[in-house]
Amino acid sequence: MGIIRAAAQAVTGTLSDQWKEVVEPLNMDDQTVFVKGVVRKTGGSGTKDVITNGSVIHVYDNQFMMVVDGGKIVDYSSEPGYFILDNSSAPSLFAGNLSEGIKESLNDAFRRFSFGGATPMSQKVFYINLQEIKGIKFGTRNPINYFDNFYNAELFLRAHGTYSIKITNPLLFYAEAVPRNAERVQITDINTQYLDEFLQALQTSINQMSADGERISFVASKGRELSKYMADTLDEDWKQQRGMEIQSVAIASISYDENSQKLIQMRNQGAMMQDPSIREGYVQSAVASGLEAAGSNPNGAAAGYMGIGLGMQSAGSMMAATSAANAQQMQAQQQAQQSQQPQAAPAGSWTCSCGAVNTGKFCSECGAPKPAPAKWICSCGAENTGKFCSECGAPRP
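**Here's the deal with the overall build of the chain**
1) Next: In terms of helices and strands, the chain carries nine helices and 17 strands.
2) Next: Per-residue burial for the chain yields a buried fraction of 35% across its 397 residues.
3) Next: When contacts within the chain are restricted to residue pairs at least 6 apart in sequence, those whose partners lie at least 24 apart make up 65%.
4) Next: Accessible area of the chain: about 22600 Å², with a carbon and sulfur share of 50%.

So, in C-alpha coordinates, the structure goes:
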(Lines give C-alpha, C1' and ligand atoms only; values in the text may rest on other atoms or scores of the structure.)
Protein backbone atom coordinates (compact mmCIF):
# COMPACT_ATOMS: atom_id res chain seq x y z
CA MET A 1 0.00 0.00 0.00
CA GLY A 2 1.16 3.56 -0.59
CA ILE A 3 0.35 6.91 -2.15
CA ILE A 4 0.46 8.11 -5.73
CA ARG A 5 0.64 11.68 -7.00
CA ALA A 6 -2.68 13.03 -8.24
CA ALA A 7 -2.69 14.32 -11.82
CA ALA A 8 -2.97 18.09 -12.23
CA GLN A 9 -6.30 17.84 -14.04
CA ALA A 10 -7.67 15.68 -11.27
CA VAL A 11 -7.34 18.51 -8.77
CA THR A 12 -9.83 20.78 -10.53
CA GLY A 13 -11.58 18.37 -12.85
CA THR A 14 -14.44 15.93 -12.43
CA LEU A 15 -12.16 13.34 -10.89
CA SER A 16 -12.05 15.44 -7.73
CA ASP A 17 -15.72 14.59 -7.16
CA GLN A 18 -14.78 10.90 -6.94
CA TRP A 19 -12.46 11.37 -4.01
CA LYS A 20 -13.79 9.70 -0.91
CA GLU A 21 -12.09 12.06 1.52
CA VAL A 22 -9.72 15.04 1.47
CA VAL A 23 -7.16 15.07 4.28
CA GLU A 24 -5.41 18.29 5.25
CA PRO A 25 -3.24 19.30 8.24
CA LEU A 26 -4.47 21.12 11.28
CA ASN A 27 -3.36 24.74 11.54
CA MET A 28 0.43 24.85 11.86
CA ASP A 29 2.21 27.97 13.14
CA ASP A 30 5.91 28.74 13.53
CA GLN A 31 6.07 27.00 16.93
CA THR A 32 4.21 23.85 15.84
CA VAL A 33 6.33 20.79 15.08
CA PHE A 34 3.65 18.12 14.59
CA VAL A 35 -0.07 17.98 13.73
CA LYS A 36 -2.59 15.37 12.77
CA GLY A 37 -4.35 15.37 9.41
CA VAL A 38 -8.10 16.01 9.45
CA VAL A 39 -10.84 15.23 6.95
CA ARG A 40 -12.06 18.40 5.26
CA LYS A 41 -14.44 16.76 2.76
CA THR A 42 -16.20 13.43 3.04
CA GLY A 43 -17.75 11.48 0.21
CA GLY A 44 -17.58 8.11 1.92
CA SER A 45 -18.42 6.86 5.37
CA GLY A 46 -15.80 8.99 7.12
CA THR A 47 -15.05 6.36 9.77
CA LYS A 48 -12.77 7.72 12.48
CA ASP A 49 -9.09 6.79 12.14
CA VAL A 50 -9.73 5.02 8.85
CA ILE A 51 -8.85 6.73 5.59
CA THR A 52 -10.89 5.39 2.73
CA ASN A 53 -8.99 3.93 -0.19
CA GLY A 54 -8.89 6.50 -3.01
CA SER A 55 -8.92 9.51 -0.71
CA VAL A 56 -6.62 12.44 -1.45
CA ILE A 57 -4.03 13.84 0.93
CA HIS A 58 -2.97 17.50 0.65
CA VAL A 59 0.65 18.42 1.44
CA TYR A 60 1.81 22.05 1.72
CA ASP A 61 5.28 23.57 1.33
CA ASN A 62 7.82 22.79 4.07
CA GLN A 63 5.68 19.96 5.42
CA PHE A 64 6.46 16.29 5.74
CA MET A 65 3.41 14.04 5.49
CA MET A 66 3.27 10.47 6.82
CA VAL A 67 0.65 7.79 6.42
CA VAL A 68 0.69 5.75 9.61
CA ASP A 69 -1.07 2.47 10.25
CA GLY A 70 -1.17 1.21 13.81
CA GLY A 71 1.83 3.33 14.73
CA LYS A 72 3.88 2.03 11.80
CA ILE A 73 4.82 4.28 8.90
CA VAL A 74 3.32 3.17 5.59
CA ASP A 75 4.40 5.92 3.20
CA TYR A 76 5.49 9.55 3.24
CA SER A 77 6.03 12.65 1.12
CA SER A 78 7.87 15.95 1.55
CA GLU A 79 6.75 17.16 -1.89
CA PRO A 80 3.89 19.68 -1.92
CA GLY A 81 0.77 18.71 -3.82
CA TYR A 82 -2.10 16.19 -3.83
CA PHE A 83 -1.56 12.47 -3.28
CA ILE A 84 -4.09 9.64 -3.62
CA LEU A 85 -4.06 6.83 -1.10
CA ASP A 86 -3.90 3.50 -2.94
CA ASN A 87 -3.94 0.41 -0.74
CA SER A 88 -2.90 -1.74 -3.67
CA SER A 89 0.29 0.15 -4.51
CA ALA A 90 3.76 -0.09 -2.99
CA PRO A 91 5.15 2.77 -0.90
CA SER A 92 6.26 5.62 -3.16
CA LEU A 93 8.43 7.53 -0.65
CA PHE A 94 8.32 11.00 -2.18
CA ALA A 95 11.41 12.60 -0.61
CA GLY A 96 11.13 15.84 -2.55
CA ASN A 97 14.06 18.29 -2.53
CA LEU A 98 15.72 16.94 0.57
CA SER A 99 19.46 16.43 0.37
CA GLU A 100 20.90 13.05 -0.47
CA GLY A 101 22.19 12.59 3.05
CA ILE A 102 18.76 13.26 4.54
CA LYS A 103 17.11 10.95 1.98
CA GLU A 104 19.43 8.16 3.00
CA SER A 105 18.62 8.81 6.66
CA LEU A 106 14.90 8.71 5.83
CA ASN A 107 15.30 5.38 4.04
CA ASP A 108 17.11 3.94 7.05
CA ALA A 109 14.40 5.22 9.40
CA PHE A 110 11.65 3.91 7.13
CA ARG A 111 13.13 0.45 7.19
CA ARG A 112 13.18 0.60 11.00
CA PHE A 113 9.67 1.97 11.55
CA SER A 114 7.70 0.80 8.48
CA PHE A 115 4.73 -1.53 8.62
CA GLY A 116 6.29 -4.02 6.21
CA GLY A 117 3.49 -3.99 3.64
CA ALA A 118 0.83 -5.60 5.82
CA THR A 119 -2.86 -5.04 5.13
CA PRO A 120 -3.98 -1.73 6.69
CA MET A 121 -6.53 -1.75 9.46
CA SER A 122 -6.52 1.76 10.98
CA GLN A 123 -4.76 4.62 9.27
CA LYS A 124 -3.88 8.19 10.18
CA VAL A 125 -2.09 11.02 8.45
CA PHE A 126 0.42 13.18 10.30
CA TYR A 127 2.36 16.28 9.30
CA ILE A 128 5.75 17.49 10.57
CA ASN A 129 6.95 21.07 10.17
CA LEU A 130 10.16 21.29 8.13
CA GLN A 131 10.56 25.02 8.64
CA GLU A 132 13.06 26.47 11.10
CA ILE A 133 11.44 26.56 14.54
CA LYS A 134 12.53 29.95 15.91
CA GLY A 135 12.29 31.94 19.11
CA ILE A 136 12.90 29.14 21.62
CA LYS A 137 13.89 31.01 24.78
CA PHE A 138 16.68 29.95 27.12
CA GLY A 139 18.41 31.30 30.20
CA THR A 140 21.19 29.90 32.37
CA ARG A 141 19.96 29.17 35.88
CA ASN A 142 23.46 29.15 37.37
CA PRO A 143 26.55 31.13 36.32
CA ILE A 144 28.79 29.45 33.73
CA ASN A 145 32.52 29.48 34.44
CA TYR A 146 34.70 31.11 31.79
CA PHE A 147 38.48 31.44 32.00
CA ASP A 148 39.55 34.62 30.21
CA ASN A 149 43.20 34.83 29.18
CA PHE A 150 43.01 38.63 28.93
CA TYR A 151 41.97 39.00 32.57
CA ASN A 152 43.89 35.85 33.55
CA ALA A 153 41.02 34.88 35.84
CA GLU A 154 38.13 32.44 36.12
CA LEU A 155 35.01 34.51 35.54
CA PHE A 156 31.34 33.54 35.74
CA LEU A 157 28.59 34.69 33.40
CA ARG A 158 24.87 34.23 32.79
CA ALA A 159 23.40 34.19 29.30
CA HIS A 160 19.85 34.77 28.02
CA GLY A 161 18.52 34.59 24.49
CA THR A 162 16.79 32.40 21.93
CA TYR A 163 17.74 29.54 19.67
CA SER A 164 16.18 27.76 16.71
CA ILE A 165 16.05 24.15 15.56
CA LYS A 166 15.26 22.39 12.31
CA ILE A 167 13.87 18.88 11.91
CA THR A 168 16.19 17.11 9.49
CA ASN A 169 14.89 13.54 9.81
CA PRO A 170 11.11 13.72 10.36
CA LEU A 171 10.66 9.94 10.57
CA LEU A 172 13.21 9.70 13.36
CA PHE A 173 11.71 12.77 15.04
CA TYR A 174 8.25 11.19 14.94
CA ALA A 175 9.51 7.91 16.38
CA GLU A 176 11.63 9.39 19.19
CA ALA A 177 10.23 12.82 20.10
CA VAL A 178 6.47 12.87 19.42
CA PRO A 179 4.07 11.41 22.01
CA ARG A 180 2.02 8.60 20.49
CA ASN A 181 -1.36 10.01 21.52
CA ALA A 182 -0.66 13.59 20.38
CA GLU A 183 -2.64 15.33 17.66
CA ARG A 184 -0.70 18.62 17.91
CA VAL A 185 2.73 19.22 19.42
CA GLN A 186 4.21 22.66 20.05
CA ILE A 187 7.93 22.94 20.65
CA THR A 188 7.18 24.18 24.18
CA ASP A 189 5.35 20.90 24.92
CA ILE A 190 8.50 18.80 24.53
CA ASN A 191 11.18 21.39 25.25
CA THR A 192 11.79 20.70 28.96
CA GLN A 193 14.16 17.80 28.40
CA TYR A 194 15.76 19.40 25.35
CA LEU A 195 16.28 22.72 27.15
CA ASP A 196 18.29 21.01 29.89
CA GLU A 197 20.41 19.31 27.25
CA PHE A 198 20.73 22.60 25.38
CA LEU A 199 21.99 24.43 28.49
CA GLN A 200 24.48 21.66 29.17
CA ALA A 201 25.74 21.91 25.60
CA LEU A 202 25.78 25.70 25.91
CA GLN A 203 28.14 25.48 28.87
CA THR A 204 30.36 23.05 26.96
CA SER A 205 30.38 25.32 23.92
CA ILE A 206 31.12 28.46 25.94
CA ASN A 207 33.97 26.63 27.67
CA GLN A 208 35.28 25.66 24.23
CA MET A 209 35.21 29.32 23.22
CA SER A 210 37.23 30.06 26.35
CA ALA A 211 39.76 27.39 25.37
CA ASP A 212 40.00 28.96 21.91
CA GLY A 213 41.02 32.27 23.49
CA GLU A 214 37.87 34.34 22.92
CA ARG A 215 37.52 37.25 25.34
CA ILE A 216 34.48 37.04 27.59
CA SER A 217 33.21 40.42 26.39
CA PHE A 218 33.01 39.04 22.82
CA VAL A 219 30.71 36.12 23.67
CA ALA A 220 27.49 38.08 23.03
CA SER A 221 28.61 38.90 19.47
CA LYS A 222 29.67 35.35 18.62
CA GLY A 223 26.22 33.87 17.98
CA ARG A 224 27.20 32.31 14.64
CA GLU A 225 30.32 30.67 16.06
CA LEU A 226 28.38 29.55 19.11
CA SER A 227 25.80 27.90 16.85
CA LYS A 228 28.55 25.83 15.26
CA TYR A 229 29.88 24.82 18.66
CA MET A 230 26.36 23.85 19.73
CA ALA A 231 25.70 21.86 16.56
CA ASP A 232 28.92 19.89 17.08
CA THR A 233 28.14 19.30 20.76
CA LEU A 234 24.52 18.19 20.22
CA ASP A 235 25.07 16.41 16.91
CA GLU A 236 25.00 12.87 18.28
CA ASP A 237 22.13 13.30 20.74
CA TRP A 238 19.83 15.45 18.63
CA LYS A 239 20.59 14.84 14.97
CA GLN A 240 21.39 11.14 15.10
CA GLN A 241 18.94 10.13 17.82
CA ARG A 242 16.05 12.58 17.42
CA GLY A 243 16.34 13.86 13.85
CA MET A 244 16.75 17.56 14.65
CA GLU A 245 19.65 19.98 14.93
CA ILE A 246 20.52 23.47 16.14
CA GLN A 247 20.21 26.14 13.46
CA SER A 248 21.15 29.34 15.29
CA VAL A 249 21.79 30.76 18.75
CA ALA A 250 21.08 34.43 19.52
CA ILE A 251 22.38 35.74 22.86
CA ALA A 252 20.32 38.72 23.98
CA SER A 253 22.31 39.58 27.10
CA ILE A 254 25.40 38.57 29.05
CA SER A 255 25.72 39.36 32.75
CA TYR A 256 28.47 38.61 35.26
CA ASP A 257 28.29 37.65 38.89
CA GLU A 258 29.41 40.16 41.54
CA ASN A 259 32.94 38.83 41.99
CA SER A 260 33.52 38.75 38.23
CA GLN A 261 32.34 42.34 37.92
CA LYS A 262 34.83 43.42 40.58
CA LEU A 263 37.69 41.60 38.86
CA ILE A 264 36.82 43.09 35.47
CA GLN A 265 36.50 46.59 36.94
CA MET A 266 39.82 46.24 38.78
CA ARG A 267 41.61 45.02 35.65
CA ASN A 268 40.13 47.76 33.46
CA GLN A 269 40.98 50.45 35.99
CA GLY A 270 44.55 49.19 36.21
CA ALA A 271 44.84 49.23 32.41
CA MET A 272 43.57 52.82 32.30
CA MET A 273 46.02 53.94 35.00
CA GLN A 274 48.91 52.92 32.74
CA ASP A 275 48.08 55.99 30.64
CA PRO A 276 49.88 58.99 32.27
CA SER A 277 47.23 61.50 31.21
CA ILE A 278 44.41 59.38 32.67
CA ARG A 279 46.41 58.80 35.83
CA GLU A 280 47.01 62.56 36.24
CA GLY A 281 43.32 63.29 35.80
CA TYR A 282 42.43 60.64 38.38
CA VAL A 283 44.87 62.13 40.91
CA GLN A 284 43.54 65.65 40.34
CA SER A 285 39.99 64.43 40.79
CA ALA A 286 40.93 62.65 44.01
CA VAL A 287 42.66 65.77 45.35
CA ALA A 288 39.61 67.92 44.55
CA SER A 289 37.35 65.45 46.35
CA GLY A 290 39.73 65.50 49.32
CA LEU A 291 39.70 69.29 49.48
CA GLU A 292 35.93 69.34 49.46
CA ALA A 293 35.81 66.81 52.28
CA ALA A 294 38.50 68.64 54.26
CA GLY A 295 36.45 71.83 54.32
CA SER A 296 33.75 70.01 56.29
CA ASN A 297 36.14 68.34 58.72
CA PRO A 298 34.60 68.55 62.25
CA ASN A 299 38.08 69.19 63.73
CA GLY A 300 38.60 72.19 61.49
CA ALA A 301 39.59 72.74 57.90
CA ALA A 302 43.27 73.13 58.83
CA ALA A 303 43.35 69.66 60.37
CA GLY A 304 41.65 68.28 57.26
CA TYR A 305 44.15 69.99 54.97
CA MET A 306 47.02 68.67 57.06
CA GLY A 307 45.60 65.18 56.76
CA ILE A 308 45.37 65.60 53.00
CA GLY A 309 49.01 66.66 52.90
CA LEU A 310 50.08 63.61 54.89
CA GLY A 311 47.87 61.40 52.76
CA MET A 312 49.33 62.79 49.56
CA GLN A 313 52.82 62.18 50.90
CA SER A 314 51.90 58.58 51.74
CA ALA A 315 50.19 58.04 48.39
CA GLY A 316 53.18 59.58 46.62
CA SER A 317 55.51 57.16 48.39
CA MET A 318 53.36 54.20 47.37
CA MET A 319 53.12 55.34 43.76
CA ALA A 320 56.88 55.90 43.68
CA ALA A 321 57.46 52.39 45.00
CA THR A 322 55.20 50.78 42.39
CA SER A 323 56.36 52.88 39.43
CA ALA A 324 59.98 53.75 40.26
CA ALA A 325 61.14 53.56 36.67
CA ASN A 326 58.54 56.06 35.47
CA ALA A 327 59.26 58.42 38.37
CA GLN A 328 63.00 58.38 37.70
CA GLN A 329 62.46 59.05 34.03
CA MET A 330 60.12 61.98 34.71
CA GLN A 331 62.57 63.41 37.27
CA ALA A 332 65.45 63.18 34.79
CA GLN A 333 63.38 64.97 32.17
CA GLN A 334 62.45 67.74 34.60
CA GLN A 335 66.08 68.23 35.65
CA ALA A 336 67.20 68.41 32.03
CA GLN A 337 64.56 71.01 31.23
CA GLN A 338 65.45 73.09 34.28
CA SER A 339 69.17 73.03 33.45
CA GLN A 340 68.58 74.01 29.83
CA GLN A 341 66.15 76.89 30.35
CA PRO A 342 65.59 78.38 33.81
CA GLN A 343 62.14 79.83 34.08
CA ALA A 344 60.90 82.64 36.28
CA ALA A 345 58.24 81.90 38.84
CA PRO A 346 54.79 82.27 37.27
CA ALA A 347 52.46 85.06 38.29
CA GLY A 348 50.44 84.37 41.40
CA SER A 349 52.93 81.81 42.72
CA TRP A 350 53.98 81.48 46.33
CA THR A 351 56.97 79.98 48.07
CA CYS A 352 56.45 77.35 50.72
CA SER A 353 58.49 77.18 53.91
CA CYS A 354 60.21 74.11 52.42
CA GLY A 355 61.47 76.26 49.52
CA ALA A 356 59.20 74.89 46.80
CA VAL A 357 57.49 77.37 44.46
CA ASN A 358 53.81 76.62 43.91
CA THR A 359 50.77 78.04 42.16
CA GLY A 360 48.03 75.89 43.70
CA LYS A 361 46.50 75.88 47.13
CA PHE A 362 48.86 73.19 48.48
CA CYS A 363 52.59 72.64 48.26
CA SER A 364 53.52 70.05 45.64
CA GLU A 365 56.48 68.88 47.74
CA CYS A 366 55.30 68.74 51.36
CA GLY A 367 51.54 69.22 51.00
CA ALA A 368 51.40 72.28 53.25
CA PRO A 369 48.48 74.63 52.52
CA LYS A 370 49.07 78.04 50.94
CA PRO A 371 49.52 80.71 53.70
CA ALA A 372 46.49 82.92 54.11
CA PRO A 373 47.12 86.58 53.14
CA ALA A 374 47.72 89.00 56.02
CA LYS A 375 44.75 91.11 57.08
CA TRP A 376 44.85 94.93 57.34
CA ILE A 377 42.50 97.54 58.78
CA CYS A 378 41.45 100.41 56.54
CA SER A 379 41.05 103.97 57.88
CA CYS A 380 37.31 103.49 57.50
CA GLY A 381 37.53 100.60 59.94
CA ALA A 382 36.89 97.71 57.45
CA GLU A 383 39.02 94.58 57.69
CA ASN A 384 40.51 93.45 54.36
CA THR A 385 42.96 90.97 52.85
CA GLY A 386 43.26 92.32 49.30
CA LYS A 387 45.06 95.34 47.88
CA PHE A 388 42.01 97.65 48.15
CA CYS A 389 39.40 98.20 50.82
CA SER A 390 36.19 96.40 50.08
CA GLU A 391 34.17 99.24 51.70
CA CYS A 392 35.72 102.54 50.58
CA GLY A 393 38.16 101.43 47.86
CA ALA A 394 41.19 102.93 49.60
CA PRO A 395 44.50 101.23 48.68
CA ARG A 396 46.30 99.09 51.18
CA PRO A 397 48.83 101.25 53.13
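Right, picking up where we left off after that structure.
**What about the nonpolar core?**
1) Next: Residues Met 66, Phe 138, Tyr 163 and Phe 198 are the most contacted members of the largest nonpolar core, which totals 52 residues.
2) Next: In terms of residues, this core owes the most to one element, helix α4 (residues 191-211), which gives eight residues.
3) Next: Excluding its chain neighbours within four sequence positions, the residues that come into contact with Met 66 are Phe 34, Ile 73, Asp 75, Tyr 76, Lys 124, Val 125, Phe 126, Ile 128, Leu 171 and Tyr 174.
4) Next: One finds Val 23, Ile 51, Val 59 and Val 125 within the second-largest nonpolar core, a separate group that totals 13 residues.

**Remarks on unusual backbone geometry**
1) Next: Phi is positive for Asn 62, which is not a glycine, with a value near 55°.
2) Next: Looking at where Asn 62 falls in the secondary structure, it is placed in the loop between β4 (56-59) and β5 (63-69).

**Focus: the pattern of salt bridges**
1) Next: For the structure shown, the criterion picks out five salt bridges.
2) Next: For Arg 141, the salt bridge is made with Asp 196, and the minimal N-O distance between the two is 3.4 Å. One end of the pair, Arg 141, is in the loop between β9 (133-139) and β10 (144-148); the other, Asp 196, is in helix α4, with 55 residues separating them in the sequence.
3) Next: For Asp 196, a relative accessible area of 35% corresponds to the partly exposed category.
4) Next: A salt bridge links Glu 197 to Arg 242, with the nearest nitrogen and oxygen atoms 2.9 Å apart. On the criterion of sequence distance, the pair formed by Glu 197 in helix α4 and Arg 242 in helix α5 (residues 223-242) is long-range, its members being 45 residues apart. Arg 242 matches Glu 197 in its accessibility class, with the two residues each being buried.

**Structural notes on the pairing of strand β2 (residues 21-25)**
1) Next: For β2, a buried count of five out of five residues is recorded, marking the element as mostly surrounded by other parts of the structure.
2) Next: Of the two faces of β2, the one carrying Glu 21, Val 23 and Pro 25 and the one carrying Val 22 and Glu 24 are both buried.
3) Next: Note: β2 against β4, two bridges, orientation parallel. Note on β4: the bridge partner recorded for Val 22 is Val 56.

**So, the packing of aromatic side chains**
The description of two aromatic rings rests on the distance between their centres and on the angle between their planes.
1) Next: Inspection of the entire model under this criterion finds eight aromatic pairs.
2) Next: When the centroid spacing of 5.1 Å and the interplanar angle of 25° are considered together, the rings of Phe 64 and Tyr 76 count as stacked. Of this pair, Phe 64 sits in strand β5 while Tyr 76 sits in strand β6 (residues 72-77), placing them twelve residues apart in sequence.
3) Next: Since its relative accessible area comes to 0%, Phe 64 is described here as buried.
4) Next: For Tyr 76, a relative accessible area of 1% translates into the label buried.
5) Next: Both rings, one in Phe 138 and one in Tyr 163, keep their centres 6.3 Å apart while their planes meet at 50°; by these two values the pair is tilted. Of this pair, Phe 138 sits in strand β9 while Tyr 163 sits in strand β11 (residues 153-167), and the two are 25 residues apart along the sequence.

**What to know about helix α3 (residues 170-177)**
1) Next: Burial within α3 is extensive, with six of its eight residues counted as buried.
2) Next: Turning to α3, its buried residues number three or more, namely Pro 170, Leu 171, Leu 172, Phe 173, Tyr 174 and Ala 177.

**Considerations on the environment of Gln 63**
1) Next: Looking at where Gln 63 falls in the secondary structure, it is placed in strand β5.
2) Next: Residue classification places Gln 63 among the buried positions, given a relative accessible area of 6%.
3) Next: Separated by 17 residues in sequence, Gln 63 and Pro 80 place their C-alpha atoms 7.6 Å apart.
4) Next: Here Gln 63 is in contact with Pro 25, Met 28, Ser 77, Ser 78, Tyr 127, Ile 128 and Leu 130, once residues within four sequence places are set aside.
5) Next: Separated by 3.1 Å, the side chain of Gln 63 and the backbone nitrogen of Tyr 60 make a polar contact.

**Here's the deal with α4**
Note: α-helices contain 3.6 residues per turn, so residues at a spacing of three or four share the same orientation.
1) Next: Look at α4: 29 Å from first C-alpha to last across 21 residues, which is about the 30 Å you get at 1.5 Å a residue.
2) Next: The complete set of buried residues in α4 reads Asn 191, Tyr 194, Leu 195, Glu 197, Phe 198, Leu 199, Ala 201, Leu 202, Ser 205, Ile 206, Met 209 and Ser 210.
3) Next: Just downstream of α4 lies Gly 213, where phi reads positive at about 90°.

Conventions we followed
- Residues numbered from 1 in each chain as written.
- Predicted model: local features only at pLDDT ≥ 70, side-chain atom pairs only at ≥ 80, totals over all residues.
- Heavy atoms only, no water.
- Helix = DSSP H or I, 4+ residues; strand = E, 2+ residues; numbered from the N terminus.
- Buried < 20%, exposed > 50% of the residue type's maximum accessible area, 1.4 Å probe, protein only.
- Contact = heavy atoms within 4.5 Å.
- Areas by Shrake-Rupley, 256 points an atom, 1.4 Å probe, with all protein chains shown as cover.
- Core = buried A, V, L, I, M, F, W, Y, C linked by side-chain atoms within 4.5 Å.
- Salt bridge = Lys/Arg side-chain N within 4 Å of Asp/Glu carboxyl O.
- Pairing = 2+ DSSP bridges.
- Phe/Tyr/Trp six-rings, centres within 6.5 Å; stacked < 30°, edge-to-face > 60°.
- Polar contact = N/O pair within 3.5 Å; in protein donor to acceptor, adjacent residues only side chain to side chain.
- Expected span 1.5 Å × (residues − 1).

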